[in-house]
Amino acid sequence: RDSVIQEVSPDGEIIFEWNSWNHLDINDCLVHRFPDDYAHINSFFITDDDNILASLRGCSMILKINRETGETIWDLGGATPSLEIVGDPFSEFCGQHTATIDSNNNLYVFDNGGHCNGAREEKFGNFSRGVQYNIDTSAGQAAFVRDITFDTSYSAYTSSGGSLFPTENGNWLISWARSLNDITETTPDGKLALRMI
């Protein structure tokens, strides 16, 4: 089953449509529910330059999509990314949810930490985190900035769901979702500002 993003006018006219089958190599999406629901779009976000940022859990991939042509501007994660992750001690994000990007090209992702393309699970086990990268398309890189884990351990894991949103004051609001269930807000230096159980 394909994943589709549509923009529809108030009178029901399809203004824009993007279908994963036309833009992805299915062989890059073998890590989650393959072949059924192979791409599994779980969030999209309109960027400051009026394009689309889409999270594809089934490929452990994030795409920036041209909102007029449907073509990929860049992709991160997956089997053959156009941007390389640099500086991340765990090398990749996996099975993620809720990708957003700000005007300074800071990408925020809830990294579930399962269904990895690389060797992360084998090396480090399963754990979930919020993670920030800075996107530099001229260098072809996504530079690791920081991450936050549940209870500051790299062991707590939520297999699905979850979200990360930066707040106006620079804090991170994170829903830890399935099995962990808490919502936390942390300061830029990693201190707990709020916890809802």
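Attention in this report is confined to the structure presented alongside it. Since the model is a prediction, treat every value here as computed from it, not as a measurement.

1. Overview of the pairing of strand S13 (residues 172-175)
A one-sided burial pattern is seen for S13, the buried positions being Trp-172 and Ile-174 and the unburied ones Leu-173 and Ser-175. In textbook terms, the turn of a hairpin is the stretch between consecutive antiparallel strands, and for strand S12 (residues 163-166) and S13 this stretch comprises 5 residues, one of which, Gly-170, has a positive phi near 90°. Where S13 meets strand S14 (residues 183-186), 4 bridges bridge the pair, whose relative direction is antiparallel. Note that in S14 the partner of Ile-174 across the bridge is Thr-184.

2. Section: the pattern of salt bridges
Applying the stated criterion across every chain, the model contains 10 salt bridges. Between Lys-64 and Asp-49 there is a salt bridge; the shortest N-O distance is 2.7 Å. Note that Lys-64 is positioned in strand S5 (residues 61-65) and Asp-49 in the loop between strand S3 (41-46) and strand S4 (52-56), a separation of 15 residues in sequence. The class of Lys-64 is buried, set by a relative accessible area of 11%.

3. Here we look at the state of the cysteines
A covalent bond bridging the sulfur atoms of two cysteines is what the word disulfide describes. Here the structure, examined in full by the defined rule, presents 2 disulfides. Residue Cys-94 pairs covalently with Cys-116 via a disulfide, S to S 2.1 Å. What sets the handedness of the Cys-94 and Cys-116 disulfide is the S-S torsion sign, and at about 100° it is right-handed. Of this pair, Cys-94 sits in the loop between strand S7 (84-86) and strand S8 (97-101) while Cys-116 sits in the loop between strand S9 (106-111) and helix H2 (120-124), placing them 22 residues apart in sequence. Cys-116 shares its class with Cys-94; the two are buried. Disulfide partners in the protein chain, listed by the sequence order of the bonded cysteines, are 1-2, 3-4.

Reading the values: the criteria
- Residues numbered from 1 in each chain as written.
- Predicted model: local features only at pLDDT ≥ 70, side-chain atom pairs only at ≥ 80, totals over all residues.
- Heavy atoms only, no water.
- Buried < 20%, exposed > 50% of the residue type's maximum accessible area, 1.4 Å probe, protein only.
- Helix = DSSP H or I, 4+ residues; strand = E, 2+ residues; numbered from the N terminus.
- Pairing = 2+ DSSP bridges.
- Salt bridge = Lys/Arg side-chain N within 4 Å of Asp/Glu carboxyl O.
- Disulfide = S-S within 2.5 Å.

As far as function goes, none of this settles anything; it's purely spatial.
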